Every structure is written in structure tokens, then in C-alpha cells.
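Notes for the structure review
Below, each chain spelled out in residue letters.
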Amino acid sequence: MANNNPFGSRAALKTSAGDLAYFRLAALEKAGVKNLTRLPVSIRILLENVLRNCDGRLIKEDDVLSLGRWSPQSPGAGDVGFIPARVILQDFTGVPTVVDLSAMRSAFKKLGGDPKRINPLVPVDLVIDHSVQVDVYGTAEAYETNVRIEYERNRERYAFLRWAQKAFHNFSVVPPGTGIVHQVNLEYLAKVVLTKKENGATTAFPDTLVGTDSHTTMINGLGVLGWGVGGIEAEAAMLGRPLYMLAPEVVGFRLTGELKPGATATDLVLTATQMLRKKGVVNKFVEFFGPGLAALSLADRATVANMAPEYGATVGFFPADNETLRYLKMTGRSEAADLAERYLKEQGLFAGTGQEFDFSETMELDLGTVEPSLAGPKRPHDRVALAASTKNFAESFPTFFPQGSAPKGQRKVALNGGSGQIADGSVVIAAITSCTNTSNPSVMIGAGLLAKKAVERGLSVKPHVKTSLAPGSRVVTEYLKKSGLLPYLEKLNFHLVGYGCTTCIGNSGPLPEHVAKAIKNENLVAVAVLSGNRNFEGRINPLVKASYLASPPLVVAYALAGGMNVDLTKDALGKDKNGAPVYLKDIWPTPAEIKDAVAKFVDAKTFTERYGEVFDGDEHWREIPAPEGDLYAWDPASTYIQEPPFFKEFSLKPSPPGDILKARALAIVGDSVTTDHISPAGSIAADGPAGRYLVERGAAPKDFNSYGARRGNHEVMMRGTFANIRLKNLMAAPKEGGWTKHQPSGELMSIFDAAMRYQNNGVASVILAGKEYGSGSSRDWAAKGPALLGVKAVIAQTYERIHRSNLVGMGVLPLQFNKGDSAADLGLTGEEEFTIEGIKSGLKPRQELVVKAVKSGKASSFPVTVRLESPIEVDYYANGGILPAVLRQMLRSK
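Residues numbered from 1 in each chain as written. Predicted model: local features only at pLDDT ≥ 70, side-chain atom pairs only at ≥ 80, totals over all residues. Heavy atoms only, no water.

Overview of the overall build of the chain
Of the regular secondary structure elements, the chain holds 30 helices and 34 strands. Overall, the chain is about 80 × 75 × 55 Å in size when its C-alpha atoms are taken along their principal axes. Here the chain, with 894 residues, has 63% of them falling under the buried criterion. Residue pairs in contact within the chain that sit at least 24 positions apart in sequence constitute 76% of those at least 6 positions apart. (Helix = DSSP H or I, 4+ residues; strand = E, 2+ residues; numbered from the N terminus. Buried < 20%, exposed > 50% of the residue type's maximum accessible area, 1.4 Å probe, protein only. Contact = heavy atoms within 4.5 Å.)

Spelled out as C-alpha cells, the structure:
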């Protein structure tokens with residue numbers, strides 16, 4: 001925190017805890033900043049951040065004034081240097097982040113620096129929540145068994161994190177079995193307003209953060225400004241470097257009315273996601289306001305904020321108000337509530353009635369128009385009204401097969417070794433999972449009430465459905481137990497399987513053998529229904545082609561129905577004990593039933609008790625030995641943790657990037673290619689490059705774990721780049737998966753093998769892509785992997801925010817086709833040699849370059865825009881990425 005007094009803004013704030021220092025936004029009015037109170041609250045929080053951290057070096061007074069003059073149509077041309085108050089990680093993204101920091105320590109030591117200087121300067125919390133898999137389900141022993149298997153699989157990773165917890169300052173680890181990172185953040189870690197003692201004074205300021213998970217935005221529901229970034233940006237933030245961004249446009253989203261009976265917060269977020277994705281809010285802030293906020297609980301707001309990545313926004317922000325204070329007190333943080341109220345009201349950051357803000361654009365939604373919905377079968381922003389779900393699946397059915405090869409009509413086959421039959425459209429996974437909904441007592445209690453009514457009517461789950469309950473925190477199971485609803489969920493086989501992301505991240509575990517065999521033998525289009533936020537192709541389970549997002553009560557309902565051919569608005573779920581049909585409307589809980597149960601069984605005492613020993617862990621965690629020392633002892637034989645090559649040949653002076661000459665296309669992909677396509681998190685195929693690498697080193701396929709768990713080993717992740725089984729590389733069509741045609745030989749081979757051949761021959765490679773390239777998770781390996789494969793540039797029609805930034809952070813040049821151009825429009829097939837000149841002479845933000853493509857001696861060319869957004873990004877690219885730039889700065893000042 002800067003020790004200064006920019007614009008005379010430093011002042012004293014009297015609180016119940018004593019006098020605190022703070023930086024008054026109102027002081028900027030004397031410097032010419034007008035209409036301060038009409039700025040969106042999210043912009044004012046950014047403004048406080050740059051004001052407080054203004055030191056004349058990293059952030060200058062002109063930077064503060066530039067942001068202070070934000071206007072709806074002209075946010076400002078300059079960079080905003082945002083220094084978050086803290087950083088949050090989950091283990092899939094956190095392990096490679098800590099691996100990188102450890103490698104930086106090793107490099108720093110070799111170059112004569114003190115490795116202890118590579119150390120987080122802001123508090124960092126890592127929550128282990130992504131590693132538990134649903135190996136066992138439907139039994140009372142499921143949780144304990146899955147936890148035991150989790151520790152067996154991940155012992156080496158966890159030992160590494162135990163070392164890091166000792167070796168790095170400002171770094172804490174929340175052990176497995178506690179909860180999902182965003183729910184732990186919402187229920188415990190976040191304080192809304194923070195304090196820091198420095199130079200004898202204690203300063204109060206807004207709680208802000210970045211996280212290495214896209215859904216960090218969930219905390220926006222609490223009035224805390226934060227968003228997801230790649231691991232490489234997070235590392236820079238940990239080391240005290242500002243995260244530079246252009247001042248964003250802010251879309252105001254006005255809410256009116258209230259949800260009608262039968263509609264849930266899940267239905268609201270799927271509706272808002274569809275609206276905002278259609279509007280186009282990439283790189284923008286979305287700020288919610290209006291009278292409808294009064295009808296939304298804090299958990300409802302967090303549900304909507306969580307899915308900001310799905311609607312494309314940087315944040316989905318709800319300014320703090322009385323509901324924020326109520327939630328802090330209800331979750332055992334009364335002192336935090338008192339400070340937040342005093343500080344936010346003094347700064348004009350507390351939302352009240354009748355306030356008017358200047359937004360870049362405004363949208364509106366009447367909550368009363370929201371209807372029960374799903375989203376799918378491939379993307380989270382493809383909302384489907386519940387009443388249209390069977391029609392949606394039927395219309396989508398041909399898209400799961402290569403063009404012209406879809407079977408005529410949906411097929412049914414008998415289950416060998418099991419009861420009944422399975423068909424195209426059968427629901428084989430029904431999972432209450434993910435941060436989005438398992439943080440929300442109304443939908444979790446709703447699921448329990450629906451289960452109770454279903455059991456009482458004599459209904460049961462179809463035998464081919466794999467069910468699971470993975471709550472966001474231990475608090476959830478406590479109130480489900482207290483309310484007496486957990487036994488009813490268990491009677492429908494929704495037993496506790498773990499506290500973690502599970503199915504939503506692809507950790508759904510294996511399907512029963514007889515179900516898996518039927519799907520594979522007949523190439524059936526099996527379905528997953530999950531209460532998550534992601535349903536991209538190949539993510540949920542390798543054998544599941546269609547996935548639908550739904551509220552927890554609807555997840556239970558589809559487990560009862562057993563297939564997408566059942567119209568839940570018209571068809572019976574089954575028959576009761578007397579043979580009478582039972583419909584969804586018969587067992588759907590009323591708003592009053594849900595409200596009464598939440599009020600009675602969700603209380604502050606439960607939160608206080610559950611989070612009292614949050615960092616201690618169980619006996620499994622405590623018995624893992626933790627290595628000692630400031631430097632990590634890299635083990636060349638490890639298949640989990642390897643020293644990455646990013647700093648092995650590091651020099652103080654960077655080699656400037658050169659022009660890209662006669663490069664080959666490694667892949668040509670279409671629209672909506674996600675970071676799951678580029679760097680999958682799920683299972684590792686035994687016959688793929690990564691599987692072969694592991695087998696060669698003595699790992700049996702049963703011990704492969706997942707790509708997510710192997711992110712500390714670049715050798716695995718390189719081989720897993722573009723290895724998604726549903727990837728459609730047009731160069732290898734109609735074959736799906738991580739395949740390409742090597743040029744000029746035309747030989748069909750894995751993308752990894754082709755990339756290695758190109759590198760061995762000194763040939764650069766590029767990726768050609770369509771719209772929304774890199775949507776989905778904030779997965780830095782989706783940029784690290786291509787960089788290690790030798791990809792020098794990506795040429796796409798449009799990019800998602802985080803992935804574009806990650807490419808820059810890894811020294812890969814993001815280029816964009818001109819509007820109206822695409823690889824198909826330009827007739828590009830991947831047989832060309834691509835030359836891009838003008839890089840060597842130095843780049844400028846948004847500069848235009850020309851790509852020359854030569855095929856069979858014939859040349860064509862097309863213009864592209866350099867998607868380096870600021871001078872800072874140009875500098876990062878020139879250094880080969882963010883971390884090399886930061887390391888060089890630190891070495892110069894050692």
C-alpha cells in the first residue's frame with residue numbers, strides 16, 4: 001500500500017474498533033473530478049484502488065484522474081493499474097501457479113538473487129476443491145471412500161502444497177473436504193472491507209481480489225469486486241505488480257419484480273446469461289441495480305454473479321446494501337458487517353434507494369417473467385425453457401454425429417448385466433454439484449423438499465442414473481441434516497460424495513460398467529443433468545455427449561424421470577404406491593415451504609462452528625509429510641511436479657520477438673472453442689500422447705488421475721494440449737479429437753506429434769479460430785500448452801477476455817481477423833505457409849498487420865489486428881510474457 005497522500009485524500013474514519021485511515025474519494029472533486037456520485041459503484045471501487053495505490057511510479061496521479069473522468073461512452077484511453085487486496089486459488093490452477101513461483105525462485109537463485117524475494121506480497125488463499133472425484137456413489141460410504149482415493153491419487157501434489165505453505169509467506173491452504181473455493185470465499189474469507197497495518201497506521205479499504213478460477217466473480221454478489229484471471233496474471237499480482245486493464249464500459253442491468261412460484265435463482269441466471277451473451281458484454285462490467293434487488297437473497301445474487309464468465313462479462317457486480325450486511329452477520333461476521341457499513345456509507349459505496357448511475361448501456365429484466373429453464377446441450381448460454389426441453393434434445397440429436405451420419409430416430413438397447421434399458425437421451429448422470437447453486441440454501445433446501453415428497457409418494461431414481469451430492473461447504477450438509485431432508489435425498493441415492501467441484505469440472509468418475517458398455521457399443525447420445533455452470537463438449541464425462549445445466553430440484557426430477565424424452569411439464573415422473581401418476585407439479589415445493597426451512601435451519605452458529613478450524617484439515621492431511629527449505633527439491637522422476645522450462649534459459653536481456661516466417665497451421669477450429677477443448681481437465685486417454693508418456697514412466701491407467709491434477713507437470717500438459725475428444729480440427733475432419741494433418745506431408749497424426757516435428761525442423765506454427773475463441777475457464781495451460789508446442793500466433797475472429805490475456809502472458813501473439821473475415825471465407829485449408837511481418841520492427845496496441853498465405857506457389861494476403869490492448873501488453877509480449885518481464889524487473893532492482 002502506498003505511503004502517501006495523493007490529492008490530500010488521506011483522512012481518518014471513526015469506527016467502533018477505533019480510528020482508521022482511509023482515502024476519501026470525495027477529495028478528487030477538488031482536482032476536477034465531476035459527477036463522482038453518478039459513477040457506477042464498480043468503477044468507484046476501482047477508483048479507490050488506484051487512488052490508494054498512487055505512488056508516482058507504478059500508478060501516477062494522471063492515472064487516477066483519467067479513471068475519475070470515466071464517462072459512459074468514453075471510459076478512458078489509459079490503462080487502469082489494479083492492485084487487488086488478495087488472491088484466491090483452487091488446486092487445479094493453484095498447483096501450476098505455485099510451481100511457477102517455485103521455478104522463479106530457482107531461476108532467481110541461479111542468477112544471484114535471494115529466492116525469498118519471490119514471495120506473495122498480498123494474502124493468498126488456496127482452497128483444495130477440484131481433486132475429489134465421484135468414484136463411489138449411492139452409498140453411505142461414498143464420502144469416506146472418495147476422500148481416501150483422493151488422497152491416494154494426490155499425495156504428491158498435496159505434499160508439494162504443504163511445502164509451499166511453509167516456504168512462502170502470506171500463503172495459506174484450505175485442505176480438502178472443506179468446500180468449493182468460491183463458497184468458502186463467500187461464506188468465510190471475504191470481509192467486504194479490509195484493514196491493513198502499515199507504518200504505524202491502520203488503513204481501511206474495499207476487499208478486492210483476483211482468482212485463478214473464472215467463477216471468482218461469485219464474490220461480486222457480496223459487493224466485493226473480483227474476477228478470474230490466468231495463473232500467470234495471478235502470480236504477477238501476488239508479487240505486487242498491478243494488473244493493467246483498459247477502463248471498462250459498464251452495462252447496467254435493471255431488475256424489477258420478483259420470481260414467481262416455481263422459478264429459482266438458477267432459472268434467473270440462465271435467463272440473464274442468455275440475454276447478456278446475446279447482447280455482447282465481453283471485457284465489460286455488468287452492474288445490477290433496481291427495485292428487483294430487494295427480492296433477491298445474497299445467495300441468489302451470488303448465483304447470478306457466479307456465471308459472469310458464461311455471459312462473458314469481467315464481473316457481474318451487486319453493490320453492497322442491507323442484504324450484504326445481513327448475510328455477513330448470518331455467516332458469523334458481525335464485526336466485518338459493522339466496519340463495512342461505516343466505511344462504505346462514508347465513501348458513498350453503499351447502495352440505497354433512488355440512486356441513479358450513468359451506465360454505458362442499460363438492460364432490464366422483470367423477474368416475474370423468468371420461467372423454469374435448463375441450458376444445453378453443449379453451451380451454458382443456450383437456455384431452454386423446461387417445457388421445450390424434449391424438443392430441444394430431439395432437434396440437437398443430429399449434431400452429435402458427423403454430418404449426414406446421424407441414425408434415423410433415437411435408439412433403445414437393453415442393459416446387459418443391469419435392469420431395464422438405455423436409450424439415446426437417457427440421463428446417466430444427475431449431479432448436484434458446482435459452486436453456482438450449492439452456495440444457495442433456497443435451491444438446496446428445495447431439492448431436499450422435492451426429494452422428501454418424491455419418496456413419500458413412492459418414487460425412485462431410474463437404475464441407470466449415476467447420482468451425486470457434492471455440496472459447496474460443510475454448512476450445507478449441516479442444514480440438510482438439521483432440516484431432516486438429507487435422508488430423503490439419500491433414499492434417492494443422492495448421498496454425499498465429497499465437498500468439491502466434482503462433476504462440473506469433469507470429475508464425474510466412471511459410469512457403471514454395464515451402462516458404459518451399452519453407450520459405447522451403440523454410440524448412444526447419453527445425457528448428464530447437473531446443477532453446474534459448465535457443460536461444454538467432452539467436459540462432464542467422455543461417454544456423455546449432451547449435458548444440461550439445471551437447478552438442484554430439477555436435477556433430482558430428471559433422476560426420477562431418467563431421460564430427456566420425458567416432458568416434466570406434462571408427463572408423469574412415475575407412479576405412486578397406489579399406481580396413480582405423479583407429476584412434477586405434485587412434488588414441487590412451495591416458496592413458503594422453502595422460505596420457512598431456510599429461516600429455521602440456516603443460522604450463524606452453524607457457519608461459525610464449521611469454519612472454526614478451516615485450515616486444520618483431517619487426519620489424512622495432517623499425516624502428509626511436508627518438505628523443508630526455501631527452494632523446492634525437484635524430482636526428475638515425478639509424474640506430477642516438474643520444473644517448467646519457462647526460466648531454464650532465462651537471461652536478463654530479452655530476445656525481441658521476430659517476424660513469423662513460413663509457419664504452418666497446427667489446427668483450424670470453428671466457433672466457441674473453449675479452454676476445455678484446448679486444455680482438457682478430465683480423464684487422460686491411455687492411447688494418447690499424455691497416456692503413453694505416463695505408461696512409459698510406470699503409471700498404470702487406473703493411476704492416471706486427470707489432466708487437472710497433472711497440471712504441475714508440463715510434459716503431461718503439452719501432450720494434452722488440444723486433446724479433447726470432442727475437438728473438431730477442420731484439418732483432420734471428419735475425425736474428432738486431438739488430430740491434425742502435418743504439412744506438407746499430409747500425414748494424419750496427433751497434434752502433439754505434429755508440433756514436435758515442426759519444432760525439430762525449425763518450423764513455427766499458428767492456430768486459426770472462429771468466434772469466442774478461448775471461452776470457458778480461466779485456464780492458463782490453454783496458453784502455456786500452445787506456447788510449449790511452438791505456436792507463435794493465434795488468428796481468431798473474436799476472443800474471450802481471459803484467454804486473450806493469457807496468450808499475451810505466455811508470449812503468444814493474439815491476432816484478429818477483420819470483421820467479416822474468417823478462415824473459411826478466405827479459403828484457408830491449413831495447407832498454406834503463413835508469414836507475418838512487421839513484428840520485428842516493434843508493435844503498437846491494436847496495430848494492423850498483413851498475413852501472407854502461400855499454397856502451391858500461389859500467394860494471398862489478409863489484414864489482421866494485433867490484439868495487444870495497451871503499451872504494458874506490448875512490453876509483456878516483447879519480454880516473452882508477464883513472468884519473464886516481472887522477473888527481469890526484480891533482478892534489475894535486487
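Topic: the state of the cysteines
One pass over the structure, following the stated rule, counts zero disulfides. With no disulfide partner, C501 has as its closest neighbouring cysteine sulfur the one in C504, 4.9 Å distant. Judged by relative accessible area, which is 7%, C501 ranks as buried. (Disulfide = S-S within 2.5 Å.)

Observations concerning the sheet that holds strand β13 (residues 285–289)
Taken in spatial order, the four strands make up an open sheet running β14-β13-β12-β15, and their pairing is parallel. Both edges of this open sheet fall to β14 (315–317) and β15 (361–366), since each of them pairs with a single strand only. Strand after strand, the sheet turns through a mean of 20° between neighbouring axes, direction not considered. Across the face of the sheet, helix α7 (residues 265–279) comes into contact with β12 (250–256), β13 and β15 while running at roughly 150° to β15. (Pairing = 2+ DSSP bridges. Axes fitted to C-alpha atoms, helices over the stretch in contact; angles between N-to-C directions.)

Examining the pairing of strand β2 (residues 18–23)
In this structure, strand β1 (residues 10–15) lies alongside β2, joined through six bridges in antiparallel fashion. Following the sheet pairing, L13 is matched in β2 by L20.

Some thoughts on the packing of helix α14 (residues 441–456) against helix α18 (residues 552–561)
Between α14 and α18, whose axes approach to 7 Å, the crossing angle comes to 30°. Regarding the angle of α14 to α18, the classification is roughly parallel. Packed against α14, whose contacting residues are V443, M444, G446, A447, L450 and A454, the element α18 presents P552, P553, V556, A557 and L560 at the interface. A breakdown of the residues in the contact of α14 with α18 according to their chemical character gives ten nonpolar, one polar and no charged. (Parallel < 35°, antiparallel > 145°, perpendicular 65-115°, else oblique. Nonpolar A, V, L, I, M, F, W, Y, C, P; charged D, E, K, R; others polar.)

Thoughts on the side chain of Q90
Its location among the elements puts Q90 in strand β4 (residues 86–90). There is a polar contact of 2.7 Å between the side chain of Q90 and the backbone nitrogen of F92. A distance of 2.9 Å separates polar atoms of two side chains, one belonging to Q90 and the other to D213. In this view, Q90 contacts V95, L126, V127, D129, H130, V181, T212 and D213; residues no more than four positions away in its chain are not counted. (Polar contact = N/O pair within 3.5 Å; in protein donor to acceptor, adjacent residues only side chain to side chain.)

Examining the pattern of salt bridges
Tallied over the entire structure, the rule returns 47 salt bridges. A salt bridge links K702 to D703; its shortest N-O distance comes to 3.3 Å. Given the relative accessible area of 38%, D703 is considered partly exposed. The salt bridge partner of R867 is E869, with a shortest N-O separation of 3.0 Å. Each of the two residues, R867 as well as E869, counts as buried. (Salt bridge = Lys/Arg side-chain N within 4 Å of Asp/Glu carboxyl O.)

So, empty space enclosed by the protein
What the rule picks out here adds up to seven cavities of 30 Å³ or more. Taken together, 24 residues line the largest cavity, and the ones lying closest to its centre are Q90, H130, D213, I505 and S777. Every element with two or more residues in the lining of the largest cavity is listed here: α3 (91–110) and α5 (181–189). Among the residues forming the lining of the largest cavity, the class breakdown is seven nonpolar, eleven polar and six charged. One number sums up the size of the second largest cavity: a volume of about 130 Å³. If you trace the second largest cavity, you find 17 residues lining it, with P309, G776, E800, R801 and I802 closest to the centre. Among the secondary structure elements, those contributing two or more residues to the lining of the second largest cavity are α9 (308–311) and α28 (801–809). At three residues, α28 tops the list of elements feeding residues into the lining of the second largest cavity. (1 Å grid on protein atoms, 1.4 Å probe; cavity = no way out; pocket = protein on both sides within 12 Å on 5 of 7 lines; lining within 4 Å. Points joined across faces, edges and corners; volume = space filled by probe spheres on them.)

Points about the environment of M890
With respect to the secondary-structure elements, M890 resides in helix α30 (residues 882–892). The class for M890 is buried, based on a relative accessible area of 4%. For the pair M890 and T467, spaced 423 residues apart in sequence, the C-alpha separation works out to 51 Å. Beyond its immediate chain neighbours, meaning those up to four positions away, M890 contacts F108, R117, I118, L239 and R241.

Brief notes about the nonpolar core
In this structure, L222, W227, F494, L568 and Y773 are the most contacted members of the largest nonpolar core, which totals 300 residues. For this core, the leading source of residues is helix α4 (residues 142–167), giving ten residues. (Core = buried A, V, L, I, M, F, W, Y, C linked by side-chain atoms within 4.5 Å.)

What about the environment of L486?
One can find L486 in helix α16 (residues 486–491). In sequence terms L486 and V476 are ten residues apart; their C-alpha atoms lie 10.0 Å from each other. With residues near it in sequence (within four places) discarded, L486 still touches L469, L480 and K481.

Topic: the pairing of strand β31 (residues 813–817)
In terms of residue burial, β31 counts as a mostly covered element, since five of its five residues are buried. Every second residue of β31 is oriented toward a common face, with L813, L815 and F817 on one face and P814 and Q816 on the other, all of them buried. Two elements, strand β30 (residues 791–796) and β31, share four bridges in a ladder whose sense is parallel. Note on β31: the bridge partner recorded for A793 is L813. Sheet topology places β31 next to strand β34 (residues 858–866); three bridges connect them, and they run antiparallel. Within the sheet, the bridge partner assigned to F817 lies in β34 and is V864.

A look at the sheet that holds strand β6 (residues 171–174)
Pairing in this open sheet of five strands is parallel, and the strands run β6-β5-β4-β9-β10 from one edge to the other. The sheet is open, and its two borders are formed by β6 and β10 (225–228), each paired with just one other strand. Between one strand and the next, the sheet's axes are offset by a mean angle of 20°, whatever the strand orientation. Across four bridges, the pairing between strand β5 (residues 124–127) and β6 is parallel. Each bridged residue has a counterpart across the sheet, and for D125 the counterpart in β6 is S172.

Re unusual backbone geometry
Apart from glycine, the bulk of residues carry a negative phi angle, and the bulk of peptide bonds sit in the trans form. Residues G376 and P377 are joined by a peptide bond in cis, for which omega reads 10°. Summarising the element assignment, P377 is placed in the loop between β16 (373–375) and β17 (383–385). Geometrically, the link from Q743 to P744 is a cis peptide bond, its omega value of 10° lying close to zero. Within the secondary structure, P744 sits in the loop between β27 (739–741) and β28 (748–750). At S434, a position not held by glycine, the phi torsion is positive, near 85°. What makes S434 buried here is its relative accessible area of 0%.

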